[in-house]
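These are the residues of each chain, in order.
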Amino acid sequence: MAERFAYYGIASNLISYLTGPLRQSTATAAANVNAWSGAASMFPLLGAFVADAYLGRFRTILFSSLLYVLGLGLLTVSAILPSPSFPHNQNTKDHRSCLQFQIILFFVSLYLVAIAQGGHKPCVQAFGADQFDGRNPDECKSKSSFFNWWYFGFSGSSFISLLILNYIQDNFNWVLGFGIPCISMVAALVVFLLGRKTYRYSSKQDNSNPFLRIAQVFVAAARNWRTTPSTAAVVKEEEARILLPRHGTYQFKCRFLDKALAMVSSDQYGSDENWKMCSISQVEEAKVVLSLVPIWATCLIYAVVFAQSSTFFTKQGLTMERSITPGFEIPPATLQSFISIAIVVFIPIYDRIIVPIARAYTGKPSGITMLQRIGTGMFLSLISMVVAAIVEKERLKVARDSGLVDMPQVTLPMSVWWLVPQYVLFGVSDVFTMVGLQEFFYDQVPNGLRSMGLSLYLSIFGIGNFLSSFLISVIEKATSRGGQDSWFANNLNRAHLDWFYWLLAGLSVIELILYLYFAKSYIYNRVSAI
């Protein structure tokens, strides 16, 4: 929870820091936020590899926490330095050098935080799920609820971060806004170490590197592409210690991987048997990982939609009436707290009311399957984009009717509460899709790759942020030709975010259709997952 408090304390209001103290344009700042968020969601692939193949989850969490503290500390130091908007002596050589150093230090610190959370995020959740014994029926059932309540705590901490840190950053200073997350991570590290003697560590049945085991299948299949596997060539002894339940695995149409089972002469490719012939368990592991690719790919647009809540939604809120009482305004980034509120309110309803009712009808322990849960959230995210487009169209109409189109600094006579429904829909969709993706990618990968499984889930949002950044850049160039105002003009009263939201809604429809096609034909690799 402390790590999410720290991360969202930086990420949620990053666009305000870039367009404020660092004086970047809206489009540039949004692209930088998406690029950083994308990198932060891709680094878990590296962190999971290190954890699963070398260090283990406990040590990866420990080293990542130390790097986190370093990154946040340096980020705080960068905020102490004079900002680019500092009015005095801007043309002096010393000022330019200080400014350049501050910007470099800021981005280096920011990406240190991204690298640190890349090791921390996939491992700490997998480490938590490892505390439940899958062979115990009661603990197995509790593990399903674990992912719900994990996301409950995750969202609660991000809510506190949005409520407190965004207000401090907007109304006091950024030094405190970055310093408090640093202190929270130090406290979290201390608490984590205090419990080290009580943790349950999962023991590996196979000491081989799980990544090499899967890589060997693809290499062997490529080498043996002209041969035909026979059952006599299969390594039988592996069947006794197979890591994956065999439920439905062979029904996945990856026939070319069966080439890895073929027996070849020992002098054809050298003496390394592992890279020219693989066992049944290795081939099944590779097939399982490959079978996740269609589900992974059809969730990318959901991630593009998800990226908008911390960028353009925040900039919209900045133009609207945010007063609660005279002299007190809601910081625009705090509106993201409605996502967390929706999650915190809806998860107990889902876990304690919806799941038991669904379980009574379907007979499934989780009420509905993981893929049904993910698809439901994707549909809700589509609806949120439709709502966002309608609200933005109304905001532009208010700007025109009020004669404020060319006065972007003047607050529009439209309440910021108009934005709440799209945030709430985001939150409810997260309960379905986010939690469903976490459980799906943890449960469906081989036992030795569970950190990697969660990093694959996180990489959806990394690629999604990169796609969002790419899409924004392309649309910015295409719509600003001939001196026209682009869809993302700095003056949002002349921009067309509503058209962008309609575009995302259309892409979400296509994505959902493709997702339903692949989800319908997907075969779960564990009976408990059904």
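That block above? That's the structure.
Quick notes on the rules
- Residues numbered from 1 in each chain as written.
- Predicted model: local features only at pLDDT ≥ 70, side-chain atom pairs only at ≥ 80, totals over all residues.
- Heavy atoms only, no water.
- Axes fitted to C-alpha atoms, helices over the stretch in contact; angles between N-to-C directions.
- Helix = DSSP H or I, 4+ residues; strand = E, 2+ residues; numbered from the N terminus.
- Parallel < 35°, antiparallel > 145°, perpendicular 65-115°, else oblique.
- Contact = heavy atoms within 4.5 Å.
- Nonpolar A, V, L, I, M, F, W, Y, C, P; charged D, E, K, R; others polar.
- 1 Å grid on protein atoms, 1.4 Å probe; cavity = no way out; pocket = protein on both sides within 12 Å on 5 of 7 lines; lining within 4 Å.
- Points joined across faces, edges and corners; volume = space filled by probe spheres on them.
- Domains from an automatic or database assignment.
- Buried < 20%, exposed > 50% of the residue type's maximum accessible area, 1.4 Å probe, protein only.

1. Here's the deal with the packing of helix 1 (residues 2–11) against helix 3 (residues 26–55)
One can describe the packing of helix 1 onto helix 3 by two numbers: an axis separation of 12 Å at closest approach and a directional angle of 155 degrees. Relative to helix 3, helix 1 is oriented roughly antiparallel. The segment helix 1 lies against helix 3, with Tyr 7, Ile 10 and Ala 11 engaging Trp 36, Ser 37 and Ala 40. A per-class count over the contact of helix 1 with helix 3 returns 5 nonpolar, 1 polar and no charged.

2. Things to note about the side chain of Ser 16
The topology assignment puts Ser 16 in helix 2 (residues 14–19). The residues touching Ser 16, leaving out its near neighbours within four places in the chain, are Pro 21, Trp 174 and Thr 314.

3. Things to note about empty space enclosed by the protein
Tallied over the entire structure, the rule returns 1 cavity of 30 Å³ or more. Counted as a void, the largest cavity has a volume near 450 Å³. Elements that contribute at least two residues to the lining of the largest cavity include exactly helix 1, helix 3, helix 5 (93–129), helix 6 (137–171), helix 13 (337–362), helix 15 (420–443) and helix 16 (450–479). Taken together, the residues that form the lining of the largest cavity break down as 17 nonpolar, 11 polar and 3 charged. Both of domain 1 (1–200) and domain 3 (293–529) provide at least three residues apiece to the lining of the largest cavity.

4. Focus on the layout of surface pockets
Taken as a whole, the second largest pocket spans an internal volume of roughly 540 Å³. What lines the second largest pocket is a set of 22 residues, and nearest its centre among them are Met 1, Ala 2, His 120, Val 124 and Trp 150. Mapped onto the lining of the second largest pocket, the elements with two or more residues apiece are helix 1, helix 4 (57–80), helix 5, helix 6, helix 7 (174–194) and helix 16. If you tally residues by element for the lining of the second largest pocket, the top one is helix 7, at 5 residues. Per-class residue counts for the lining of the second largest pocket are 14 nonpolar, 5 polar and 3 charged. Two domains each provide a minimum of three residues to the lining of the second largest pocket, namely domain 1 (1–200) and domain 3 (293–529).

5. A short note on the environment of Val 386
As for its placement among the helices and strands, Val 386 is situated in helix 14 (residues 370–401). In this structure Val 386 comes out as partly exposed when scored by relative accessible area, which is 24%. Put simply, Val 386 and Leu 504 are 118 residues apart on the chain and 8.8 Å apart in space, counted from C-alpha to C-alpha. For Val 386, the contacting residues outside a window of four places in its chain are Trp 502 and Ala 505.

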